[in-house]
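Report on the structure
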Amino acid sequence: MKKILNGVLAAGLVTGLLSSIGPSKITEASSPRKSQISSIENLSLNQQAKELTKTEKRSRIMNSLKQALPLPSTSEINKLSKEKQKSLMKEIQQSKIPYYSPDRLIIKLKNGTTMSIIQKSNLLSVKNVSSLSKDTYIVNLTQKQDMKALITKLNSQTNVEYAEPDYAATTLTNDTNFTKLWGLKNTGQSVFGSVGVPGMDIGAEGAWAKTKGSSSLVVGVVDTGLDTTQADLASNIWSNSGEVANDGIDNDKNGYIDDKNGWDFYNNDKTVYDGYLKDDVHATHVAGTIAAKSDNNLGVVGVAPNVKIMPLKFLGLNGGLYSDAILAFNYAKAKGVKIYNNSWGGYGYSQALYDAMKSNGGLFVCAAGNDSEDNDSEDLGFYPASFDLSNIISVASINNMGELSWFSNYGKTSVDLAAPGEDILSTFPKDWNAEGYTEYEYLSGTSMATPHVTGAAALVASQNPSFSATSIKSKLLSTVKKLSSLTNITVTGGLLNAKNAVIGDDDIPGVPLSSTISGTLNNSSDKDDVFRVTLRKGEKITLNLTGATGTDFDLYLYGTKAKTVKINEDMVAHSEKAGSSTESIVYTAPSSGTYYVDVYSYSGSGSYTLTSKQGVTAGTYENTSSNIEYVGSWSTSKNSSASGGSFNIGNNSGTMANLVFNGTSIKLVTTKNSSQGIVSIKIDGGTASEVNLYSASSVYKSVVYTKTGLTSGRHTITVSYTGKAAPGSRKSSTQVNIDSFIVN
């Protein structure tokens, strides 16, 4: 049956993002090297976040605080009925204003400063102080204080790194009425009159052909209470092997007594689900999408049905606080968790939350928000999804036709990808049956899109145990299914594709090549990892491979006509050192197009690192260099005064030259004379600079253009004919020429 769930679960106001609805069953040393086999027929994802200065941290905190308002006190909220609490939280969330606890704040002290300085402060009415992380403390006050004035004063203290409110987080619910499951397998089924597009799904079945996840991998669900007895979840709930259940002893000495299945940071107790009157369905529904058990003749299956779920409750009916989320992260990290589902958020910027996620080392999959807002806006970030951290994936929602959901937040630079988030069937708590719900209901929201990505991340991590958070993120973002509906509103412009993320690199077309890739190969089950890269004519590419001790991995480059890496047809370069996994290729593309890099296990199994550098590096490149791509009609004029004894001349429409380089600066050297005109120069397709090459008398080896301060990496300089004569010259003086380029 279908029920309408109106309300918001506030977490100090972290916004969870969902909506409801109902069921559908889902349902070798002696072998030759590849170069001997005969023929038979670009994302920069791992960039580290810039380290913020103390001034920058305080500035972000104070900017967020300008619009913030205090929550009602906990005692005031607890006097309300469950429905009135939900109604209040919904009003708060829809206001898009940051709310904070009126009697609790977070203070980070300067390194080496002791907690006693807080306890003795005459600015604070301190009730108690507890440690959040190194040098960072939760401060509970005996009474309400003017939080804005207090934060301002504290941030002026020399021994305070920063002070900030303890912001609230929420989970938002929006109901819709569809009755068909489509996120894992879309056959084009009609969902209450909305006809889906076949294949508009995450390709779960294709991924399962490779893996359904590892039972040793644990995913942290940081959310509301989670029903660990739900039939489709019970066998996949994490169990703390170091703890004896209900003996009243902290057996594993981690500071939490009887934490057999996680912890409730909202109530600070072992009970991770407190029942219908005190908890919501949110976490239970999220967990089902990640890891509901497969092949058990029950209602649904998760994206990664073999992995374990660690319940980490920090949200109650009246929300939760960022500081409790941080405690949950710390707890899970100590237990080895490396992937976190975060179907919640808020509009308050928290430096403490930023610091905790950055230092954790895990991958945080975060809901982008349900307010139809552009998260790129400087005035309206949705956190934690909007943090500029390399270990965060921000997730938007699409419907069964591949369109951005009407409620979903978006952002060309701040929201990474989309996943199915409308009308998603998943698990409900058992005790909600008495309230008219079944154990499987439909909800909608970016909260529902997020666990699809978390499940796919778990599949990738299960297959590649050595992958870092950024490697998992790179794999997911580089294998999306491109959709025109997502172009320019997400970073990748694409829909999560679990199949491609798990098996898409076995053969052509492979996955996009990035500057550094960490992967694994298995000589019996996963011999090839294939990456695609687009090269311009004349573009140089340098590839370097290193592999684990005892392995013999080879490196291959295939040309634009290659159809498969299983044979050597159109293999344009290779490196095959016997008994070694240290290989390298340097290649200059003879034509523009897509090329394919293949890392192959000749023998052995283990990890590898592949680095790539595109473009020529520091040096002087004469007009005759094969690395320069000449387009249109060019001629060569020999002259001993030129730097290399000649220069190339163009004087026709469409004439241009391109050089791909890897560096931070470049110079163009030309000859200036009375036949020359105006040349157009662009870097990476940006704004054109027009340079005058005219001179009444000849001037050789003239540096006419210099560009410095470029970001280290791949760039393209384009030199083009304009047909324009210089002021004071004859109309026929329109030539352009190239003597050389100097790269640094």
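For the structure given in this document, a descriptive report is provided here. (Residues numbered from 1 in each chain as written. Predicted model: local features only at pLDDT ≥ 70, side-chain atom pairs only at ≥ 80, totals over all residues. Heavy atoms only, no water.)

Moving on: unusual backbone geometry. Across residues other than glycine, the phi torsion is negative in most instances, and most of the peptide bonds are trans. With an omega dihedral of 15 degrees, the bond running from Y383 to P384 counts as a cis peptide bond. Its location among the elements puts P384 in the loop between β15 (363-367) and β16 (392-398). Of the consecutive residues I508 and P509, the connecting peptide bond is found in the cis state with omega at 20 degrees. The backbone of K253 sits at a positive phi, close to 55 degrees, despite the residue not being glycine. (Helix = DSSP H or I, 4+ residues; strand = E, 2+ residues; numbered from the N terminus.)

Below, the discussion takes up the nonpolar core. Counting residues in each nonpolar core, the largest one holds 66 residues, and the members touching the most others are I309, V453, I472 and L476. Looking at which element gives the most residues to this core, the answer is helix α10 (residues 446-463), with nine residues. Once residues within four sequence positions are removed from consideration, V453 is found in contact with V365, I393, V395, L417, A419, L476 and L496. Counting 60 residues, the second-largest nonpolar core is a separate cluster that includes L52, V139, M147 and A328. (Core = buried A, V, L, I, M, F, W, Y, C linked by side-chain atoms within 4.5 Å. Buried < 20%, exposed > 50% of the residue type's maximum accessible area, 1.4 Å probe, protein only. Contact = heavy atoms within 4.5 Å.)

Let's shift gears to the pattern of salt bridges. Where charged atoms from two side chains of opposite charge come close, those side chains can pair. The final tally for this structure, using the stated rule, is 16 salt bridges. As a salt-bridge pair, K212 and D295 come within 3.2 Å of each other at their nearest N and O atoms. With K212 in the loop between α6 (204-208) and β10 (218-223) and D295 in the loop between α7 (282-291) and β12 (308-313), this pair connects stretches of sequence that are 83 residues apart. The exposed category is assigned to D295, whose relative accessible area is 71%. Note that K270 is salt-bridged to D258, the shortest N-O span being 3.9 Å. Placement of the pair is K270 in the loop between β11 (263-264) and α7 and D258 in the loop between β10 and β11, with a sequence separation of 12 residues. Residue class for K270 comes out partly exposed when judged on its relative accessible area of 36%. The class of D258 is buried, set by a relative accessible area of 9%. Overlapping salt bridges bring together R104, D166 and D324 as one network. (Salt bridge = Lys/Arg side-chain N within 4 Å of Asp/Glu carboxyl O.)

Two numbers describe how helix α1 (residues 54-67) lies on helix α5 (residues 147-154): the axes approach to 11 Å, and their chain directions differ by 170 degrees. By the criterion of interaxial angle, the relationship of α1 to α5 is roughly antiparallel. Residues I61, M62, L65 and K66 of α1 form the contact with α5, whose participating residues are K148, I151 and T152. Residue composition of the contact of α1 with α5, grouped by class: four nonpolar, one polar and two charged. (Axes fitted to C-alpha atoms, helices over the stretch in contact; angles between N-to-C directions. Parallel < 35°, antiparallel > 145°, perpendicular 65-115°, else oblique. Nonpolar A, V, L, I, M, F, W, Y, C, P; charged D, E, K, R; others polar.)

The next thing to look at is helix α9 (residues 351-360). Most of α9 sits out of view: eight of its 10 residues are buried. Capping the start of α9 is the job of one residue whose side-chain oxygen sits 3.4 Å from the backbone nitrogen of A352: S350. Phi turns positive one or two residues past the end of α9, at G361, with a value near 90 degrees. (Polar contact = N/O pair within 3.5 Å; in protein donor to acceptor, adjacent residues only side chain to side chain.)

If you walk through the whole model with that rule in mind, you get 22 aromatic pairs. Seen in terms of ring centroids, Y340 and F364 are 4.6 Å apart; in terms of plane orientation they differ by 10 degrees. Their pairing is stacked. Residue Y340 is located in strand β14 (residues 339-342), and its partner F364 is located in strand β15; the two are separated by 24 residues in the primary sequence. Classification of Y340 by relative accessible area gives buried; the value is 0%. (Phe/Tyr/Trp six-rings, centres within 6.5 Å; stacked < 30°, edge-to-face > 60°.)

Position of R60 among the secondary structure elements: in helix α1. Note: C-alpha distance between R60 and D232 (172 residues apart in sequence) is 43 Å.

This part takes up α5. Residues of α5 that are buried: M147, L150, I151 and L154. Axial view of α5: buried residues confined to an arc of 95 degrees, hence all on one face. (Arc of directions from axis to C-beta.)

What follows deals with the packing of α10 against helix α11 (residues 469-477). If you want to describe how two helices pack, look at the angle between their axes and the distance between the axes. Orientation of α10 relative to α11, taken along the N-to-C sense of each, is 115 degrees, at an axis distance of 10 Å. Between α10 and α11, the crossing angle belongs to the class labelled roughly perpendicular. For the pair α10 and α11, the crossing hand works out as right-handed. In this structure, α10 uses V453, A456, A457, V460 and A461 to contact α11, whose residues at the interface are I472, K475 and L476. (Left-handed = near helix turned anticlockwise from the far one by under 90°.)

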